[in-house]
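# Structural features, examined
Listed below are the residues making up each chain.
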Amino acid sequence: MTTIDKTPVPVAAALPASERPPQQIKRERARAKRKALGAIPSAILIIGSLYCFIPLFWLVSASTKGRDTLFTTNTFIPDGIDGFFRNVAQLGNYQDGAFWTWMGNSVIYAGGGAALSVLVSAAFGYGLAMYEFRGKQVAFGLVLTGMLLPGVVVAIPQYLLMAQLELTNTYFAILFPVMVSPFGMWLCRVFAASSVPRELLDAGRVDGASEFRIFSAIGLRLMAPGLLTVFLLQFVGIWNNFLLPFIMLSDNTKYPLSLGLYSMMRGSDTEEAIIPTLVISGSLVATIPLIIIFIWLQKYMRINFGGGLKG
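No experiment lies behind these values; they were computed from the predicted model shown.

### Brief notes about the overall build of the protein
Of the regular secondary structure elements, the protein holds 13 helices and zero strands. Taking all 311 residues of the protein together, 36% fall into the buried category. Summed over its atoms, the accessible surface of the protein is roughly 19,000 Å², and 67% of this surface lies on carbon and sulfur atoms.

### Notes on the pattern of salt bridges
Enumeration over the complete set of coordinates arrives at five salt bridges. Close ionic contact of D79 with K65 constitutes a salt bridge, the shortest N to O distance being 3.0 Å. Remark: K65 occurs in the loop between helix 1 (22-62) and helix 2 (81-93) and D79 occurs in the loop between helix 1 and helix 2; sequence separation between them is 14 residues. Note on D79: relative accessible area 44%, which makes it partly exposed. Residue classification places K65 among the buried positions, given a relative accessible area of 1%. For the salt bridge of K254 with D251, the shortest nitrogen-to-oxygen distance reads 3.2 Å. Judged by its relative accessible area of 24%, D251 is partly exposed. What you see here is one network of salt bridges that share partners, running through D202, R205 and E211.

### A look at the nonpolar core
Ranked by internal contacts, the top residues of the largest apolar core, which has 59 residues, are F99, W102, Y126, M223, F235, W239 and M264. Here this core gets 12 residues from one element, more than from any other, and that element is helix 3 (residues 98-130). Once you skip the residues sitting within four places of it in the chain, Y126 turns out to touch Y131, A192, V196, L201, I214, F215, G219 and M223.

### Focus on the packing of aromatic side chains
Here the structure, examined in full by the defined rule, presents 15 aromatic pairs. In textbook terms, an aromatic cluster arises when at least three aromatic residues are bridged by ring pairs, as seen for F53, F57 and F76. Directly above the aromatic system of F140 lies the positively charged group of R189, at a separation of 4.3 Å from the ring centroid.

### Things to note about unusual backbone geometry
One non-glycine residue with positive phi stands out, namely Q95, at about 50°. Within the secondary structure, Q95 sits in the loop between helix 2 and helix 3. Exposure remark for Q95: the relative accessible area of 26% places this residue in the partly exposed category. Phi is positive for D96, close to 55°, though the residue is something other than glycine. Mapped onto the elements, D96 comes out in the loop between helix 2 and helix 3. By relative accessible area, which is 80% here, D96 ends up exposed.

Cut-offs used in this document
Residues numbered from 1 in each chain as written. Predicted model: local features only at pLDDT ≥ 70, side-chain atom pairs only at ≥ 80, totals over all residues. Heavy atoms only, no water. Helix = DSSP H or I, 4+ residues; strand = E, 2+ residues; numbered from the N terminus. Buried < 20%, exposed > 50% of the residue type's maximum accessible area, 1.4 Å probe, protein only. Areas by Shrake-Rupley, 256 points an atom, 1.4 Å probe, with all protein chains shown as cover. Salt bridge = Lys/Arg side-chain N within 4 Å of Asp/Glu carboxyl O. Core = buried A, V, L, I, M, F, W, Y, C linked by side-chain atoms within 4.5 Å. Contact = heavy atoms within 4.5 Å. Phe/Tyr/Trp six-rings, centres within 6.5 Å; stacked < 30°, edge-to-face > 60°. Lys NZ or Arg CZ within 6 Å of the ring centre and 35° of its normal.

Shown next as structure tokens:
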């Protein structure tokens, strides 16, 4: 009877390095190098996530604490949800509900300003992308120049302009400047050039549609994902804007949240002492609308970006 040798044959990887083929050694070294380098992006993402998450977690935890426990206990350990609702109730009673007035003002500034900015940016970007006219490159150069200018540079000229129009300390002093967004114009131009086929525009002209009709019925529909992006960016930027309201407004009842919370910390508009717990709770409440609008618009931003024609 013949016996079968079941002794496992050693693979090349089990051999000493001196006996393995050079090609296999190179492959193993390259594989180990790729594995080591592949851990670097993951580590960077983890560090970046912690950098963003830790302040938010601190804000959530600190908003549950009372004035006596905020600085005497570990702020990363929350006291309980009851503390947060108690702070929100006190925040609502601050200066007869001034916080909710500031919240409403922020909705007006951010929502109305973002909507107006989308209309202006869409019309400007569509015109630059779809039409040829004298001064087109100059206009586009001015837009690029506006993108490079920080907001603090144009804040004083904007104030002087609003003062000449006697619009300071009004809602229009905030809405008019934020209507013009160089970045939104540039983004709409890029998106219109890539998503609005000229064949559809020519077909609309053949059917006798006016240029405004073509823009409103065809251009805006195909540019919808880009317009939502502009709206979201403008909404967040205006919601968090502090410098422009600080320069333009002097009436407490017209403050947005950013300026209202700042006035609470300063205690300049009231004889009450600084209330850090209310400011922290108000800062957390102020982030809720941003989270809601981002989640709401995110599903609409998944529309096809490839244009209106399919091959």
